[in-house]
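Notes for the structure review
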There are 4 protein chains.
Amino acid sequence: MEDLRFKDMDLRYLSNSTRVHELVPAYQSFVQEHLYPLEQEAVYGSFKATLPKLHALRGLAKEKGLFAPHLSEKEGGLGLSLVEFAFVSEVLGMSPLGHFVFNCQAPDIGNMELMHQFASKELKETYLKPLQEGNIRSCFAMTEPQNPGSNPVHLSTTAVRDGEEYVINGHKWFTTAADGANFTIVMALTDPENPNPYLRASMILVPLDNPGYQLLRNIPIMGDVGEDYMSHGEVKFTDCRVPISNLIGKEGAGFALAQERLGPGRIHHCMRWIGICERAIDLMCKRALARNLDPGRNLASQQTIQNWIAEAVASVKAARLMVLQTAEKIEQEGAKAAKIDISTIKFYVSDILMKTLDRAIQVHGALGVTDDTILSFWYRHERGARIYDGPDEVHKSVLARQILKKYTSHE
Amino acid sequence: MEDLRFKDMDLRYLSNSTRVHELVPAYQSFVQEHLYPLEQEAVYGSFKATLPKLHALRGLAKEKGLFAPHLSEKEGGLGLSLVEFAFVSEVLGMSPLGHFVFNCQAPDIGNMELMHQFASKELKETYLKPLQEGNIRSCFAMTEPQNPGSNPVHLSTTAVRDGEEYVINGHKWFTTAADGANFTIVMALTDPENPNPYLRASMILVPLDNPGYQLLRNIPIMGDVGEDYMSHGEVKFTDCRVPISNLIGKEGAGFALAQERLGPGRIHHCMRWIGICERAIDLMCKRALARNLDPGRNLASQQTIQNWIAEAVASVKAARLMVLQTAEKIEQEGAKAAKIDISTIKFYVSDILMKTLDRAIQVHGALGVTDDTILSFWYRHERGARIYDGPDEVHKSVLARQILKKYTSHE
Amino acid sequence: MEDLRFKDMDLRYLSNSTRVHELVPAYQSFVQEHLYPLEQEAVYGSFKATLPKLHALRGLAKEKGLFAPHLSEKEGGLGLSLVEFAFVSEVLGMSPLGHFVFNCQAPDIGNMELMHQFASKELKETYLKPLQEGNIRSCFAMTEPQNPGSNPVHLSTTAVRDGEEYVINGHKWFTTAADGANFTIVMALTDPENPNPYLRASMILVPLDNPGYQLLRNIPIMGDVGEDYMSHGEVKFTDCRVPISNLIGKEGAGFALAQERLGPGRIHHCMRWIGICERAIDLMCKRALARNLDPGRNLASQQTIQNWIAEAVASVKAARLMVLQTAEKIEQEGAKAAKIDISTIKFYVSDILMKTLDRAIQVHGALGVTDDTILSFWYRHERGARIYDGPDEVHKSVLARQILKKYTSHE
Amino acid sequence: MEDLRFKDMDLRYLSNSTRVHELVPAYQSFVQEHLYPLEQEAVYGSFKATLPKLHALRGLAKEKGLFAPHLSEKEGGLGLSLVEFAFVSEVLGMSPLGHFVFNCQAPDIGNMELMHQFASKELKETYLKPLQEGNIRSCFAMTEPQNPGSNPVHLSTTAVRDGEEYVINGHKWFTTAADGANFTIVMALTDPENPNPYLRASMILVPLDNPGYQLLRNIPIMGDVGEDYMSHGEVKFTDCRVPISNLIGKEGAGFALAQERLGPGRIHHCMRWIGICERAIDLMCKRALARNLDPGRNLASQQTIQNWIAEAVASVKAARLMVLQTAEKIEQEGAKAAKIDISTIKFYVSDILMKTLDRAIQVHGALGVTDDTILSFWYRHERGARIYDGPDEVHKSVLARQILKKYTSHE
């Protein structure tokens with residue numbers, strides 16, 4: 001078992017939840033003991049072939065009372081608040097397998113949150129329940145290749161009502177984990193002429209055995225076509241018919257729901273990124289100590305390496321505080337009130353993430369670019385962090401315009 | 001009266017002290033209403049000539065019950081905790097006159113803290129009391145031109161006991177505010193041969209009318225020789241005799257006291273820097289909105305400017321959280337336990353400070369390099385922030401080595 | 001005499017002009033021997049009081065055949081090409097007194113170039129000749145406080161013809177060296193309604209003893225109000241009458257001339273900035289070697305310091321090559337053909353300049369923020385380099401749009 | 001055929017070789033017309049399966065008289081000088097297939113240079129000739145997993161003489177293109193006890209059908225195990241016997257030869273990196289123009305994108321000049337004289353390379369992280385550029401110490 005020696009979190013100053021204080025070390029031991037050793041096999045080998053082991057670990061997680069931390073106790077989870085879950089998410093982020101094993105991985109967790117609030121009783125029974133139990137998987141089809149993801153108003157996929165059915169046509173990509181999923185929630189225009197562009201789209205659940213649905217390919221991302229959960233699909237809907245009862249929330253509420261979904265989702269992501277940074281720092285420190293430049297003089301003695309460690313640790317510490325504060329605000333006032341806070345953590349943390357990974361790789365030298373460490377996986381697959389959910393540049397403008405508005409609104 | 005429109009602080013998530021919630025707006029109004037209008041005169045004109053006005057404002061501060069927020073109520077202050085004072089320090093930082101008017105300016109505040117804990121009753125009566133009341137000023141003579149400030153072990157100034165007196169000889173510089181001060185606390189070697197270098201020095205109070213003391217010059221700092229409180233002295237001690245009862249704390253305790261002094265001092269500085277950033281962002285926003293590139297198209301519409309505003313706001317927000325957490329740790333466990341946290345905020349915030357100022361200047365165009373705004377003052381005088389109290393690079397190494405030690409100590 | 005030990009220029013690969021190979025060391029010796037020792041006095045003391053010494057050095061420069069390198073031999077200069085002069089400008093840039101002593105300082109050099117090409121014989125005789133001989137000084141009034149300098153189309157100053165005179169009204173600032181100058185060239189609208197905004201303005205010579213001209217103030221720049229040549233004026237023209245024969249070039253040619261003037265001017269500036277960088281690197285190296293952290297361990301042994309030196313040296317080397325290539329292009333094809341090259345060096349070199357100065361200061365520690373080295377002067381006064389002649393951000397857009405145009409023009 | 005519209009090279013100011021002026025467009029057309037269309041297949045599909053097409057293109061290259069530009073005419077090449085070849089290398093770098101098709105790919109080109117100068121007649125006949133003709137491939141085994149690549153003195157592989165044979169034992173990795181190669185040149189200790197560590201190693205040619213040689217694996221690099229030429233091997237030598245006549249150069253000359261090899265190799269790499277940057281800028285511009293944010297408003301209109309394009313173009317331009325100057329110095333004075341220039345371009349250009357790729361990806365949004373463009377390949381596989389041949393940090397120290405030495409050597 002690998003020994004996690006680095007922990008810069010001063011938990012007592014970060015939370016006074018006793019659950020957090022108990023759970024963080026519990027998850028941490030689990031991740032180190034059970035997930036680190038599986039990474040080479042599951043992440044660089046075949047994820048699909050490793051599924052039996054991962055499902056066995058889900059069983060262990062249930063036994064230990066750690067499964068599905070985000071769900072209510074009634075639903076088989078731990079009933080954690082968003083802020084409490086944030087701490088767990090950080091720890092799980094330290095392995096690419098963390099969220100999956102505890103069934104709180106994106107996009108399923110977002111779909112669970114959404115369906116919990118807005119799906120019909122029937123959809124909940126048929127789809128949400130097995131999803132929460134970890135027996136099926138789902139995906140979320142929103143981004144389209146021909147439209148900029150930064151502005152969700154630009155959509156081409158349509159869902160036209162025909163009697164008691166919606167007929168869906170459209171082309172989506174970056175439908176994460178489509179391969180092997182049982183259903184997707186698709187964002188489609190139901191009222192394309194509505195003068196208010198934010199009322200044009202709806203979210204509709206589509207079971208993936210539907211003949212009108214097609215997984216065109218797993219998109220090769222940074223050299224990795226992926227499979228099963230670890231993949232991003234390009235999918236097509238061709239006269240794809242589903243009952244209108246598959247609507248999630250109200251017709252026209254697509255954007256509002258997407259927004260709703262985004263807030264907590266950003267917290268999950270950002271804390272996961274911070275977990276990645278922690279692991280990267282951990283690996284960086286170990287490598288710096290282990291690698292000798294000359295007999296008796298290791299990399300850790302080099303000031304440049306020390307600068308990098310210090311800058312990484314400091315920025316991660318600051319970032320964590322900002323994400324936690326944002327989580328608290330969402331919890332207390334809702335995602336809408338925290339809109340610019342949510343934009344802020346998006347661009348702030350993703351930048352720190354990529355810088356930290358880059359430096360961890362540099363410290364590893366030639367080893368850093370190989371798949372012999374987990375850094376290469378993140379360097380490639382988290383490069384998207386600065387792009388998805390709107391590129392950082394868009395979020396910066398959102399924040400700045402909001403600040404500037406405070407001035408002009410008084411004039 | 002200038003209207004402060006920018007405030008990115010979400011006070012309710014930062015503090016649950018009702019005093020903080022009341023005091024922050026009170027100080028803010030005071031600073032905007034009374035200090036902003038005096039800046040040109042006091043900062044770019046003659047500080048000395050403005051002293052009567054500044055002392056009148058001290059009177060007003062007393063009337064409003066805002067004077068000396070860091071002192072206990074018994075001593076005429078507000079009895080704020082370190083964390084509570086941090087919020088006040090941020091607001092006061094928004095003007096270069098802020099801390100002075102409320103008598104909590106460095107180095108006097110540090111001397112007050114030190115003497116409060118460690119000075120004899122007589123010294124307290126004679127020096128501390130009028131200092132706390134704002135009737136006299138003091139300075140602190142530690143840094144030496146021939147020795148690197150980054151390592152306080154390297155000192156040349158000596159204090160040799162001769163009967164009931166110390167005879168001090170040495171050369172100091174960056175003795176802030178020596179010009180016009182009534183006394184200094186000087187750091188001098190009293191046991192230069194002690195095998196433990198941290199036990200070699202002591203702190204001794206020297207009244208500045210002492211014939212063995214000489215103010216060689218106010219050091220011209222970035223084009224500004226300064227005067228009175230707004231100056232940095234180069235001073236000399238030549239067979240300077242003071243009674244041994246002028247010792248602060250115990251003989252040999254100099255480094256321990258300096259360390260003690262440094263912790264809260266760093267909080268004051270860092271929050272002040274954050275206040276400067278807030279003012280810079282405020283000026284940046286106003287200028288961006290006011291300056292037209294072409295009719296109907298202002299600077300604020302430019303994406304680069306928006307990026308800068310967003311990055312400044314985000315980094316200030318993260319920095320504030322980190323400083324506040326550090327203040328809390330010092331409060332609860334003492335400066336020693338928070339040693340690396342204190343190193344961390346030092347380099348982290350000073351970097352943000354200089355970047356923010358630099359960009360605020362760039363947004364102002366030619367105006368930015370003139371003394372027609374307050375930015376030029378800070379750009380020049382806060383450049384030292386990345387140097388004094390140990391250059392950032394030293395603090396990064398301190399932090400990194402501490403992190404690395406966690407690994408090796410188990411081996 | 002200070003010994004310049006650093007020189008990263010590999011002259012044989014940079015130029016095959018034997019004049020360059022002879023002149024560079026000659027100027028270098030002069031600058032080190034005669035100018036470095038005068039800097040404290042002239043730059044931080046009183047420039048005006050130092051004028052006699054500076055004029056004596058001009059005499060020496062003439063004796064040595066080094067005076068006015070940019071002028072033709074007939075005019076008392078060395079007849080250097082733009083590229084050859086670039087090398088000299090770099091060396092002169094190593095001292096803030098360099099260009100002045102050799103009478104090739106901005107804005108006079110630009111005025112000389114302009115008048116040489118476009119002034120009437122009378123103006124040449126009366127103004128250009130004594131200017132070239134170093135007996136009088138001039139200035140250039142273009143930037144206006146109320147209009148963004150980034151777009152010269154936005155001007156408010158007008159010159160209305162009234163019989164044989166122009167009547168000039170307007171408000172200018174950043175009129176460099178107005179204090180003590182004998183004449184200015186002013187940019188004013190002569191045809192404000194011309195549909196082509198680039199044909200609206202003209203350049204007119206105004207002797208400064210004109211009653212319609214007023215020097216409102218020397219603008220305090222970064223703490224420094226300056227005097228004489230070392231100042232930037234805010235000036236006013238109130239019904240200021242000059243004969244129409246004071247026109248430089250044709251009426252309406254103001255912008256074209258300004259553009260013409262800008263190209264070589266940018267070369268002079270950029271090479272001067274590179275000279276500043278060289279001096280900064282020189283000081284940085286010397287300080288790093290001289291300053292001990294502990295006995296036997298100097299700053300130069302620190303990897304961070306080494307990184308800074310290496311990055312500074314590398315970027316200066318790259319920048320120099322780019323500026324020289326641009327000079328060559330201007331020489332061969334004119335400033336217009338080299339428009340985007342000129343934009344490129346502006347933002348590229350000014351960024352390197354400020355980074356190099358910043359790091360040189362950091363290496364000097366507390367000494368770096370004092371006026372005991374020349375770094376503080378440049379840190380403050382060259383901050384404008386990223387702003388004047390159009391802020392860097394504007395030049396980046398110019399370059400990018402030009403590149404992008406190559407794509408769209410084919411479509 | 002794709003149309004390369006971007007070209008920021010001003011060839012007439014860069015070279016007065018008419019061959020360069022003729023060859024650059026010829027290679028450029030070839031690369032665009034024949035290589036761009038093959039990239040998806042060869043780079044993201046199966047390189048091995050594409051070999052027949054690539055070999056056909058080699059035939060075409062021969063027909064057009066463009067094959068093997070680095071070889072003398074007698075050897076079937078173009079007889080280009082190092083500087084002339086640099087221009088060609090830039091153009092070839094625009095496709096990952098460029099150097100391969102023209103048979104000037106690393107490590108073969110380095111082996112050709114080495115063997116041309118130092119191999120025996122027999123080795124030349126048997127190995128060099130078919131290598132030059134493109135009929136076989138080779139590799140170079142130097143880096144060892146257990147020793148830092150930054151210091152070639154640290155080697156463990158040994159070659160012990162046993163009669164007329166060397167017996168080689170050792171473990172190497174990052175043996176580029178070992179898969180499918182016919183022979184390797186291996187760096188091994190032949191005199192491990194020599195007091196001068198630079199005389200301990202030798203270079204020995206090993207045919208890869210040798211039973212003592214084993215290709216352990218193609219190392220998975222950033223998600224890509226690769227195959228054939230596009231791979232990096234981990235190899236083992238176990239009592240691997242070769243005749244002593246397989247020695248390249250003299251015994252003990254290993255380091256000297258490695259150094260010799262490195263100089264021109266660095267030029268090839270750096271110009272290739274610049275070619276990659278050009279392609280990235282080209283793709284960035286095209287994407288920025290093609291992608292609409294809203295109808296009528298494309299990405300290219302965004303100032304941030306413009307900044308990125310401008311910064312990329314400027315830095316590439318500066319970098320190219322610096323590499324060309326270094327090539328000229330190597331040509332005239334040899335690699336040893338240009339040692340620090342060679343270190344300088346290594347860290348300077350690799351940094352620009354990675355920044356440019358990163359920004360090109362960001363401009364592409366989600367598309368940027370897919371393998372639908374060639375950017376992803378480079379982002380992953382060129383990350384090593386900042387590591388191999390010694391990490392950038394080492395080269396910075398080399399440069400800085402060399403500069404600092406100029407000062408201390410006079411003292």
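Residues numbered from 1 in each chain as written. Chains lettered and ligands numbered in written order. Predicted model: local features only at pLDDT ≥ 70, side-chain atom pairs only at ≥ 80, totals over all residues.

Looking at the overall build of chain A
Across its full length, chain A holds 14 helices and 10 strands. Taking 22 Å as the expected radius of gyration for a compact globule of 411 residues, we find that chain A reaches 22 Å, a close match to that expectation. Within chain A, buried positions represent 57% of all 411 residues. Across chain A, the fraction of contacts at a sequence separation of at least 24, relative to all contacts at a separation of at least 6, is 73%. (Helix = DSSP H or I, 4+ residues; strand = E, 2+ residues; numbered from the N terminus. Rg over C-alpha atoms; globule rule 2.2 N^0.38 Å. Buried ≥ 20, exposed ≤ 12 C-beta atoms within 10 Å, placed from the backbone. Contact = placed C-beta atoms within 7 Å.)

Side note on the relation of the copies chain B and chain D
Of the two same-sequence chains, chain B is brought onto chain D (RMSD 0.0 Å, axial shift 0.0 Å) by a rotation of 180°. Here the transformation between the copies is reduced to the relation of a two-fold axis. Taken as a fraction of all interface residues of chain B, those also at the interface in chain D reach 100%, which identifies the copy contact as same-surface. (Least-squares fit on C-alpha atoms with pLDDT ≥ 70 in both.)

Brief notes about the relation of the copies chain B and chain A
For the match of chain B to chain A, the screw axis carries a shift of 0.0 Å, the RMSD comes to 0.0 Å, and the turn is 180°. The share of interface residues of chain B whose copies in chain A are also at the interface is 100%, consistent with both copies meeting through the same surface.

Observations concerning the interface of chain B and chain D
Where the parts come together, the accessible area they lose is often given as the size of the interface. Taken together, the contacts link 4 residues of chain B with 4 residues of chain D. Across the side of chain B that touches chain D, the residue classes break down as no nonpolar, 4 polar and no charged. (Nonpolar A, V, L, I, M, F, W, Y, C, P; charged D, E, K, R; others polar.)

Examining the UniProt feature "domain: Acyl-CoA dehydrogenase/oxidase C-terminal" (unreviewed entry) in chain A
Here, the residues flagged by UniProt with the feature "domain: Acyl-CoA dehydrogenase/oxidase C-terminal" (unreviewed entry) are residues 252-404 of chain A. Helix makes up 77% of residues 252-404 of chain A and strand 3%, whereas the separation of the span's terminal C-alpha atoms amounts to 31 Å. (UniProt positions renumbered as here; feature names shortened; annotations may be inferred.)

A few points about helix H4 (residues 47-63) of chain C
Each α-helix winds once per 3.6 residues, and so residues spaced three or four apart point in a common direction. Residue and element names in this part refer to chain C. Between its first and last C-alpha, H4 extends 23 Å over 17 residues, near the 24 Å set by a 1.5 Å rise per residue. At Lys53, H4 shows its maximal kink, close to 30°. When H4 is considered as a whole, its buried residues turn out to be Phe47, Thr50, Leu57 and Ala61. On its buried face, H4 is in contact with helix H2 (18-35), helix H3 (39-44) and helix H6 (98-101). (Expected span 1.5 Å × (residues − 1). Bend = angle between axes of the 7 residues up to and from the residue.)

Quick notes on the interface of chain B and chain A
Facing the 37 residues of chain B at the interface are 37 residues of chain A. Elements supplying a minimum of two residues to the side of chain B that touches chain A: helix H9 (254-290), helix H10 (303-333), helix H11 (339-364) and helix H14 (392-408) of chain B. Looking at the side of chain B that touches chain A, the element that brings in the most residues is H10(B), giving 16 residues. By residue class, the composition of the side of chain B that touches chain A is 19 nonpolar, 8 polar and 10 charged.

Quick word on the environment of B:Pro145
Residues and elements named next belong to chain B. Locating Pro145 in the fold gives a position in the loop between strand S1 (138-141) and strand S2 (158-162). When the C-alpha positions of Pro145 and Ser301 are compared, they lie 48 Å apart, and in sequence the two are 156 residues distant. Apart from residues lying up to four places away in sequence, Pro145 is in contact with His171 and Trp173.

Remarks on unusual backbone geometry
Following A:Ala106, the chain continues to A:Pro107 via a peptide bond in cis, the omega torsion being 0°. With respect to the helices, strands and loops of the structure, A:Pro107 is situated in the loop between helix H6 (98-101) and helix H7 (108-118). Positive phi outside glycine occurs at B:Ala68, with the angle close to 50°. Assignment of secondary structure puts B:Ala68 in the loop between helix H4 (47-63) and helix H5 (82-92). C-beta crowding within 10 Å serves as the criterion here: with 24 such atoms nearby, B:Ala68 is assigned to the buried category.

Some remarks on the domain arrangement of chain A
Residue and element names in this part refer to chain A. For chain A, the assigned domains read domain 1 (11-111), domain 2 (138-248) and domain 3 (255-406). Averaged C-alpha coordinates put domain 1 and domain 2 at centres separated by 28 Å. The interface is formed by 10 residues belonging to domain 1 together with 10 residues belonging to domain 2. Residue assignment for the side of domain 1 that touches domain 2 shows that the elements contributing at least two residues are helix H4 (47-63) and H7. Here the residues of the side of domain 1 that touches domain 2 are counted per class, giving 5 nonpolar, 3 polar and 2 charged. (Domains from an automatic or database assignment.)

A few points about the packing of H9(B) against H10(B)
Residues and elements named next belong to chain B. Interhelical geometry of H9 versus H10 gives an angle of 160° and a closest axis separation of 10 Å. The pairing of H9 with H10 is recorded here as roughly antiparallel in orientation. Considering how the two elements wind past one another, H9 and H10 form a crossing that is left-handed. Contacts between H9 and H10 involve Gly263, Pro264, Ile267, Cys270, Met271, Ile274, Cys277, Glu278, Ile281, Met284, Cys285 and Ala288 from the former and Ile305, Ile309, Ala312, Val313, Val316, Ala319, Arg320, Val323, Thr326, Ala327 and Ile330 from the latter. For the contact of H9 with H10, the per-class residue count stands at 19 nonpolar, 2 polar and 2 charged. (Axes fitted to C-alpha atoms, helices over the stretch in contact; angles between N-to-C directions. Parallel < 35°, antiparallel > 145°, perpendicular 65-115°, else oblique. Left-handed = near helix turned anticlockwise from the far one by under 90°.)

Let's talk about helix H9 (residues 254-290) of chain A
Relative to the 54 Å expected for 37 residues at 1.5 Å per residue, H9(A) spans 52 Å between its end C-alpha atoms, a close match to the ideal helical length. By the largest-angle criterion, A:Gly263 marks the main kink of H9(A), which is about 30°, and a proline, A:Pro264, follows within four residues.

Overview of the environment of D:Val186
Residues and elements named next belong to chain D. For Val186, the location among the structural elements is in strand S4 (residues 183-189). For Val186, a count of 30 C-beta atoms within 10 Å corresponds to the buried category. Measuring from C-alpha to C-alpha, the distance between Val186 and Ala201 comes to 9.9 Å, with 15 residues separating the pair along the chain. Apart from the residues within four sequence positions on either side, Val186 is in contact with Ala141, Thr157, Ile168, Ile204, Val206 and Phe237.

Some points on the pairing of S1(B)
All names here are of chain B. Taking every second residue as pointing to the same face, both faces of S1 are buried, with Ser138 and Phe140 on one and Cys139 and Ala141 on the other. In this structure, S1 lies alongside strand S4 (residues 183-189), joined through 4 bridges in parallel fashion. Opposite Phe140, over in S4, you have Ile185 as the bridge partner. (Pairing = 2+ DSSP bridges.)

Some words on the packing of helix H7 (residues 108-118) of chain C against helix H9 (residues 254-290) of chain C
Residues and elements named next belong to chain C. Following both chains from N to C, one finds H7 and H9 inclined at 135°, their axes separated by 10 Å at the closest point. Accordingly, the angle class assigned to the pair H7 and H9 is oblique. For the pair H7 and H9, the sense of crossing is right-handed. Counting all contacts with H7, which are made through Ile109, Gly110, Glu113, Leu114 and Phe118, the residues of H9 involved are Leu257, Arg261, Pro264, Gly265 and His268. Looking at the contact of H7 with H9 residue by residue, the class counts come to 5 nonpolar, 3 polar and 2 charged.

Quick notes on the confidence of the model for chain A
Detailed reading of predicted coordinates is not advised where the pLDDT is low. Residue and element names in this part refer to chain A. Of the residues in chain A, 97% have a pLDDT of 70 or more, and the chain-wide mean is 94. Ignoring residues within four places in sequence, the model shows residues 1-6, a span with pLDDT below 50, making 16 contacts including any to other chains. Scored as a complex, the prediction yields pTM 0.96 and ipTM 0.95. (pLDDT = per-residue confidence, 0-100.)

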